[in-house]
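Residues per chain are reported as follows:
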Amino acid sequence: MARVPHELTIDILCHLSSWCSSIEDPDFIKLHLSHSLKTNTNHSLLLRPCGYHFFSVNYDSLKTTQTLKILGSCNGLLALKNNNKRIFLWNPSTRKSQVLPSTEIGRAGLTFYGFGYDPISDEYNVVRMLNKRFGFLANNAMHWMAFKSPQSGKENLAGFDLASEEFRSVELPDFCLDEPFWFGIGTMGGYLCLSAVHGELGDIVADVWIMKEYGVKESWSKLISWNQPHYIPSVVVPLAFSKNGKKVLFNIGYQWFSFDERDRFVWYDVGSERVENVEIKGLPSSFDVHLYVESLVPLNSNAQQ
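Residue numbering note: each chain is counted from 1, following its sequence as written. Confidence filtering applies because this is a predicted model: local features only for residues at pLDDT of at least 70, side-chain atom pairs given and counted only at 80 or more, and all residues used for totals across whole chains, interfaces and linings. The side-chain quantities take in all heavy atoms of the structure and omit both hydrogens and water.

Under an unreviewed UniProt entry, the name given to the protein is F-box associated domain-containing protein, and the source organism is Gossypium mustelinum.

Have a look at this one:
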């Protein structure tokens, strides 16, 4: 009987995450992760209705599966915090975990976290900040919207390089929004992504910008300008591209503007500008959401706090 070529076997196993859980070869692990990122497969949505409690939703089937407590996610690893305030990393795909060393920190203010990977040192880092929001990873740096000083009335995008452990400033696009209802920034498809909701001629408009070349202000490009006639103001968060790259999955949140509407998901077709509602049973009425990609990344000494 003819043997299946090794390259074809690897490609087949990359599509079968249940088989991959028993494979620990470093090259295969990186290939499996790269395949998931490039093809928008093996993804989950993490929904936070309140505090640190999360729901996990399979991105392909969009069905609620389990509840989690989480600080951040990167390359299939979750940074978690238990009731004893110990921080540990967990890979849901391999069911393996690692407790991080305990460190003391003063009670100077609210504490938030960011979790990311530095490919230069091959280390995963949990970054803890005071008086800043949850961080997100882009271009090997954790990012937060922050004030330059307590007296400053304008927020800026700050990045913390995981390799050099230095801060950097990232300029935002010059979008004309006198009084936006809401705006937020994160990542989508590997790019920095800014979304803003504002009023225009009596309608509600959601704009989405992406930074095609990291750190270059002139590379900000408006991807979507979505007119929502007669809709009430909302939080409009782009989450991910579809597998064919023609649609964008949005989380529409109303918690800041209406007590009657429930948060929801929609697909937005970039070409036709058509909107399709996504029905997921068992969701809370209000939540935040993050995208998570499954992987076989092992937990060992390459994690630090």
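Resuming the write-up.
We now examine the overall build of the protein. Along the protein, the regular secondary structure elements total 3 helices and 23 strands. Working definition: with a 1.4 Å probe on protein chains only, accessible area under 20% of the residue-type maximum means buried, over 50% means exposed, and in between means partly exposed. The burial tally for the protein puts 44% of its 305 residues in the buried class. Every helix listed is a DSSP run of H or I at least four residues long, and every strand listed is a run of E at least two residues long, numbered separately from the N terminus.

A few words now on the sheet that holds strand β7 (residues 96–99). If you walk across this open sheet you meet the 4 strands as β4-β5-β6-β7, and the pairing is antiparallel. The open sheet terminates on both sides in strands that have one partner only, identified here as β4 (72–74) and β7. Across this sheet, the average inter-strand angle for adjacent strands is 25°, counted without regard to direction. DSSP calls a pair of strands paired once it identifies at least 2 bridges connecting them. Sheet topology note: the strand β5 (residues 77–81)/strand β6 (residues 87–91) ladder contains 4 bridges and is antiparallel. Within the sheet, the bridge partner assigned to K81 lies in β6 and is I87. Only the contacting stretch of a helix is used when fitting its axis, a line to C-alpha atoms as for every element, and angles between N-to-C directions run 0 to 180 degrees.

Looking at the secondary structure, you find E218 in the loop between β16 (203–211) and β17 (220–228). By relative accessible area, E218 is classed as exposed at 68%. Measuring from C-alpha to C-alpha, the distance between E218 and P173 comes to 7.7 Å, with 45 residues separating the pair along the chain.

So, on to the pattern of salt bridges. In the sections that follow, a salt bridge refers to a side-chain nitrogen of Lys or Arg positioned within 4 Å of a carboxyl oxygen of Asp or Glu. According to the stated counting rule, one finds 4 salt bridges in the structure shown. One salt bridge connects E171 with K217, and the closest N-O pair in it is separated by 3.7 Å. Pair noted here: E171 is in the loop between β13 (167–170) and β14 (182–188) and K217 is in the loop between β16 and β17, with a separation of 46 residues, a long-range link. Classification of E171 as partly exposed rests on a relative accessible area of 49%.

Moving on to the pairing of β7. Sheet topology places β6 next to β7; 4 bridges connect them, and they run antiparallel. Residue F88 lies in a different strand from β7, and its bridge partner there is V99. Joining the antiparallel neighbours β6 and β7 is a turn of 4 residues, in which R95 adopts a positive phi near 65°.

Let's shift gears to the side chain of N125. On the secondary structure map, N125 appears in strand β9 (residues 123–130). Exposure remark for N125: the relative accessible area of 7% places this residue in the buried category. Of note is the side chain of N125, whose polar atom sits 3.4 Å from the backbone oxygen of E123. Polar contact is the term for a pair of N or O atoms within 3.5 Å; when the atoms are in protein, one must be able to donate a hydrogen and the other to accept it, and sequence-neighboring residues count only if both atoms are side-chain atoms.

So, about the packing of aromatic side chains. The rule is short: rings of Phe, Tyr and Trp, with Trp giving its six-membered ring, pair when the centres are within 6.5 Å, and they are stacked under 30 degrees, edge-to-face over 60, tilted in between. One pass over the full model with this rule turns up 6 aromatic pairs. A centroid spacing of 4.6 Å and a plane angle of 35° characterise the contact between Y117 and Y124, whose relative ring orientation is tilted. Taken together, the aromatic side chains of F115, Y117 and Y124 make up a single cluster linked through ring pairs.

Here we take up unusual backbone geometry. Notably, N75 is not glycine yet its phi reads approximately 50°, a positive angle. Looking at where N75 falls in the secondary structure, it is placed in the loop between β4 and β5. Even without being glycine, D122 reaches a positive phi, approximately 55°. For D122, the location among the structural elements is in the loop between β8 (111–118) and β9. Its relative accessible area of 36% is what places D122 among the partly exposed residues.

A few words on the pairing of strand β21 (residues 275–278). Strand direction decides the pairing type here: strand β20 (residues 264–269) and β21, joined by 4 bridges, are antiparallel. When the bridges of β21 are listed, V266 appears paired with N277. Here β20 folds back onto β21 in antiparallel fashion, the turn holding 5 residues, of which E273 has a positive phi close to 65°.

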